Amino acid sequence: MSNAVQGGLGSVVSLWRYPVKSMMGEELNAAEVTERGLLGDRAYALVDGSDGKAATAKNPRKWPHLFDFRATFVEQARAAAKVPTVRISLPDGTTVTSDQGDLNQILSKALNREVTLDTARRGAVNAEEYWPDMEGLDHRETVTNFTLPEETFFDCATVHLLTTATLDRLREL
């Protein structure tokens, strides 16, 4: 018998959810999977006050420090319930929550640009992607706009599965 039949197709080694788009997230023991991916994943995003676009790590020149922030839910996300309060750890170790009145001012200062923490709602939001100067890309050394699917902050797929073999190969490269 093949290994796939005897032992299944694989196993989950870790499960991560990212409450705020393009910030580091939280490792989970379990999660509810919905038609929109893991419940609570990318429930929030920072929106740029100057152009209304969602902040994304796909444009590191504009948002070079997003991965220095970490977001976790204060309580468990539940289906058909309001999006729970999110706790954000800033690069300097300061911790803030989405229910703080001065949250947007603190985040704006930390990112050196005016931002608002927002939840996904009706209507589509735009974002930007930087294309480096590399052969084979659709664009080179430019920034393009793209629209996130309505009522989400996902830009590509709602769930990403990475095998350990893929991660090992990327390390080799």
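Residues numbered from 1 in each chain as written. Predicted model: local features only at pLDDT ≥ 70, side-chain atom pairs only at ≥ 80, totals over all residues. Heavy atoms only, no water.

Caption draft 1: Structural detail: the nonpolar core. Counting residues in each nonpolar core, the largest one holds 22 residues, and the members touching the most others are Val-20, Leu-46, Val-86, Ile-88, Leu-107 and Leu-117. If you list the elements that add at least two residues to this core, you get β5 (44–48), β6 (70–73), β7 (86–89), α2 (103–111) and β9 (115–119). With 3 residues, α2 is the single largest residue contributor to this core. Residues within four places of Val-20 in sequence aside, it is in contact with Tyr-44, Ala-45, Ala-71, Val-86, Ile-88 and Leu-117. In this structure, Ala-54, Val-125, Phe-146 and Leu-148 belong to the second largest nonpolar core, which totals 7 residues. (Core = buried A, V, L, I, M, F, W, Y, C linked by side-chain atoms within 4.5 Å. Buried < 20%, exposed > 50% of the residue type's maximum accessible area, 1.4 Å probe, protein only. Helix = DSSP H or I, 4+ residues; strand = E, 2+ residues; numbered from the N terminus. Contact = heavy atoms within 4.5 Å.)

Caption draft 2: Local environment of α2. When we look at burial in α2, the residues that qualify are Leu-103, Leu-107, Ser-108 and Leu-111. End-on view of α2: buried residues confined to an arc of 125 degrees, all on one side of the axis. Along α2, exposed side chains directed more than 90 degrees from the buried face belong to Gln-105 and Lys-109. Looking at the buried positions of α2, the neighbouring elements they touch are β5, β7, β8 (95–97) and β9. Remark: Asn-112 follows α2 within two positions and exhibits a positive phi of approximately 60 degrees. (Arc of directions from axis to C-beta.)

Caption draft 3: Main features of the packing of aromatic side chains. The full count for this structure, using the stated rule, is 0 aromatic pairs. The ring of Trp-63 has Arg-113 lying over it, and the distance from NZ or CZ to the ring centre is 5.1 Å. (Phe/Tyr/Trp six-rings, centres within 6.5 Å; stacked < 30°, edge-to-face > 60°. Lys NZ or Arg CZ within 6 Å of the ring centre and 35° of its normal.)

Caption draft 4: Seen up close, the confidence of the model for the chain. Across the chain, the average pLDDT comes to 87, with 94% of residues at or above 70. With pLDDT under 50 throughout, residues 1–5 is counted as low confidence; its partners more than four residues away or in other chains account for 3 contacts. (pLDDT = per-residue confidence, 0-100.)

Caption draft 5: Representation of the pattern of salt bridges in the model. Counting across every chain of the model gives 10 salt bridges. Lys-62 is the salt-bridge partner of Asp-48, the closest N and O atoms lying 3.1 Å from each other. Here Lys-62 lies in the loop between β5 and β6 and Asp-48 lies in strand β5, a separation of 14 residues in the sequence. Under the relative-accessibility criterion, Lys-62 is labelled buried at 17%. Lys-53 is the salt-bridge partner of Glu-128, the closest N and O atoms lying 3.1 Å from each other. On the criterion of sequence distance, the pair formed by Glu-128 in strand β10 (residues 126–131) and Lys-53 in the loop between β5 and β6 is long-range, its members being 75 residues apart. (Salt bridge = Lys/Arg side-chain N within 4 Å of Asp/Glu carboxyl O.)

Caption draft 6: Main features of the sheet that holds β8. Taken in spatial order, the 3 strands line up as β6-β7-β8 in an open sheet, and their pairing is antiparallel. The outermost strands of the open sheet, each flanked by one partner alone, are β6 and β8. Taken over all neighbouring pairs, the strand axes of this sheet differ in orientation by 25 degrees on average, direction set aside. Summarising the sheet, β6 and β7 pair through 4 bridges and their orientation is antiparallel. From the neighbouring strand, Thr-72 faces β7, where its bridge partner is Arg-87. (Pairing = 2+ DSSP bridges. Axes fitted to C-alpha atoms, helices over the stretch in contact; angles between N-to-C directions.)

Caption draft 7: Spatial organisation of the environment of Asn-126. Relative to the elements of secondary structure, Asn-126 occurs in strand β10. For Asn-126, a relative accessible area of 35% gives the class partly exposed. As for Asn-126 and Val-96, which are separated by 30 residues in sequence, their C-alpha atoms are 26 Å apart. Setting aside anything within four residues of it in sequence, one finds Asn-126 in contact with Lys-53, Ala-54, Phe-146 and Thr-147. Among the polar contacts listed, one links the side chain of Asn-126 to the side chain of Thr-147, at a separation of 2.7 Å. (Polar contact = N/O pair within 3.5 Å; in protein donor to acceptor, adjacent residues only side chain to side chain.)

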